[in-house]
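Structural description and commentary
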Amino acid sequence: MDKIGSYKIKLNDNMHMKEVLKLHQIASNCSSNIYLYREQMIADTKNLPKLLSFFLTTSADQTFSMIIDGENAEKDHKEITSFLERDTINVLYEADYHINEDESIVI
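The present account deals with the structure reproduced in this document. Only a predicted model underlies this, so the values are computations on that prediction, with no experimental measurement involved.

Looking at the nonpolar core
- Residues Leu-23, Phe-55 and Met-66 are the most contacted members of the largest nonpolar core, which totals 22 residues.
- Counting residues per element, the ones that place at least two in this core are strand E1 (3-11), helix H1 (17-29), strand E2 (33-38), helix H2 (48-56), strand E4 (63-70) and helix H3 (73-84).
- Setting aside anything within four residues of it in sequence, one finds Phe-55 in contact with Leu-11, Met-15, Val-20, Leu-23, Leu-36 and Phe-64.

Given below as structure tokens:
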């Protein structure tokens, strides 16, 4: 069963290029789809140019959402947050949604 996890995130510091590249590498190895959303901007973490653009325009005091969708959403979330929780982010809110087989959601 697919699962969608939505996490509100606030950066404690700006993401450095090395950290963005590592996040991209982790996301590329995940089976879930992982998106970052802020105001009118959305970035697929597997798309490096969009991910770089997202973090270049996000300051440390801004809040954004991380949306993870897939069968292994919970495992993939733990893998990404274990990397990011090194004083870089603070997860403010978490909401999960389980998808039924006869249901679809457009983001």
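Following the structure, the description resumes.
Notes on H1
- With 13 residues, H1 ought to run about 18 Å at 1.5 Å a step, and its terminal C-alpha atoms sit 19 Å apart, in line with that.
- Those residues of H1 lying buried are Glu-19, Val-20, Leu-23, His-24, Ile-26 and Ala-27. What you see down the axis of H1 is that its buried residues fit within an arc of 165°, all on one side. Away from the buried face of H1 by more than 90 degrees, exposed residues Lys-18 and Asn-29 are located.
- Against the buried residues of H1 lie E2, H2 and H3.

Quick notes on the rules
Residues numbered from 1 in each chain as written. Predicted model: local features only at pLDDT ≥ 70, side-chain atom pairs only at ≥ 80, totals over all residues. Heavy atoms only, no water. Core = buried A, V, L, I, M, F, W, Y, C linked by side-chain atoms within 4.5 Å. Buried < 20%, exposed > 50% of the residue type's maximum accessible area, 1.4 Å probe, protein only. Helix = DSSP H or I, 4+ residues; strand = E, 2+ residues; numbered from the N terminus. Contact = heavy atoms within 4.5 Å. Expected span 1.5 Å × (residues − 1). Arc of directions from axis to C-beta.

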